[in-house]
Amino acid sequence: MRLDDSRESDNVEDRRGGGGGGLPVGGIGVGTVVLALVAMYFGIDPRVVLNQASHVSAPPPSVEQHRPPANDAETKFVRKVLAETEDTWQQLFRQAGKQYEDPKLVLFSGATRTACGTGQAAMGPFYCPADHKVYIDLGFYQELKTRFRAPGDFAQAYVIAHEVGHHVQNLLGVSAKVQAARERAGEREANALSVRLELQADCLAGVWAKNADTARHILDEGDVDEALRAATAIGDDTLQKQAKGYAVPDSFTHGSSEQRVRWFKRGMASGQVKDCNTFQAKSL
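Structure report, in brief. Because the structure is a prediction, the values reported are computed rather than measured. (Residues numbered from 1 in each chain as written. Predicted model: local features only at pLDDT ≥ 70, side-chain atom pairs only at ≥ 80, totals over all residues. Heavy atoms only, no water.)

What about the sheet that holds strand E6 (residues 133-136)?
Thinking step 1. Overall, mixed pairing links the four strands, which are arranged E1-E2-E6-E5 in an open sheet. On the outer flanks of this sheet lie strand E1 (12-14) and strand E5 (126-128), each paired with one strand and no other. Strand-to-strand, the axes of this sheet are offset by a mean angle of 25°, without reference to chain direction.
Thinking step 2. Sheet topology note: the E5/E6 ladder contains three bridges and is antiparallel. Within the sheet, the bridge partner assigned to Cys-128 lies in E6 and is Lys-133.
Thinking step 3. Here helix H3 (residues 73-95) sits on the sheet and contacts E1 and strand E2 (104-107); the angle it forms with E2, its principal contact strand, is near 165°. (Pairing = 2+ DSSP bridges. Helix = DSSP H or I, 4+ residues; strand = E, 2+ residues; numbered from the N terminus. Axes fitted to C-alpha atoms, helices over the stretch in contact; angles between N-to-C directions. Contact = heavy atoms within 4.5 Å.)

Okay, structure coming up:
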């Protein structure tokens, strides 16, 4: 990626080494965390558990140390990618007659408090709709490179763009509607709704990439292939086959590798949010 001329976002909160492993008092607590981790291993998005729990109660204000983010290359890269998402989505929202609210991105190590419960690095990057924050332990990028065999700076940027896509869904009211529908649905239908939500976030990541590159020429040759490798590596079918030797489509919550690639490419091709309506699509 060509980010040398990109600005750095001020919306990054660094909690690494700040004692973020404590559980919230009067908040969600350890039961929710255990359920979320168990859910992850059975092919269920842990955010579903955390999001549902967030409707019960939110933790008190955090007492973690919130320091200015470090100036190492990896942190600067995150700040630049987040700034690119801010500039792009602000413009797209303005064009639609809406106002975009920048999310915060929280860097943490191990565990941290969120308005959706205690977030764990084992969950991977996630977005909490209750506090409008993206959470990431940068150790995930090493996992992306080694375990998932999806190296490259644009693969890393895709991860952030996908989570910011969830923030866009939250601002547009999509997340709340899906959550309400999931609560009324059976398990199979609820999983299918989660898949559509996740694939839309993949498509929105593609919309961001297309518009950011058109405006500021940030992509190098091969960057898109990096994102496609990442999308392939974290498809539900691929992950389940690695973990259990077989895939169970009814338990998918993010979509297959092929679906994730297809919807990212769709957003990248058109650059328009209207082409990311996975909920109206007859075939994913």
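Some details on the state of the cysteines
Throughout this description, disulfide means a covalent bond between two cysteine sulfur atoms.
Thinking step 1. On inspection of all chains with the given rule, the structure shows two disulfides.
Thinking step 2. The side chain of Cys-203 participates in a disulfide bridge whose partner is Cys-276; the two sulfur atoms lie 2.0 Å from each other. Its S-S torsion of approximately -75° makes the covalent link between Cys-203 and Cys-276 left-handed. Here Cys-276 lies in the segment after helix H10 (257-270) and Cys-203 lies in helix H7 (residues 187-216), a separation of 73 residues in the sequence. We note that Cys-203, like Cys-276, is buried. (Disulfide = S-S within 2.5 Å. Buried < 20%, exposed > 50% of the residue type's maximum accessible area, 1.4 Å probe, protein only.)

Notes on the nonpolar core
Grouped burial of nonpolar side chains is what soluble globular proteins tend to show.
Thinking step 1. Counting residues in hydrophobic clusters, the biggest one holds 56 residues, and the most contacted among them are Trp-89, Leu-105, Tyr-141, Leu-144, Phe-154, Tyr-158 and Trp-208.
Thinking step 2. Of all the elements in the fold, those that place two or more residues in this core are H3, E2, E6, helix H4 (139-146), helix H5 (153-171), H7, helix H8 (223-233) and H10.
Thinking step 3. Apart from residues no more than four positions distant in its own chain, Tyr-158 is found in contact with Asp-202, Ala-205, Ala-227, Ala-230, Ala-231, Ile-234, Arg-260 and Phe-264.
Thinking step 4. With seven residues, the next largest nonpolar core counts Val-106, Phe-108, Ala-115 and Cys-128 among its residues. (Core = buried A, V, L, I, M, F, W, Y, C linked by side-chain atoms within 4.5 Å.)

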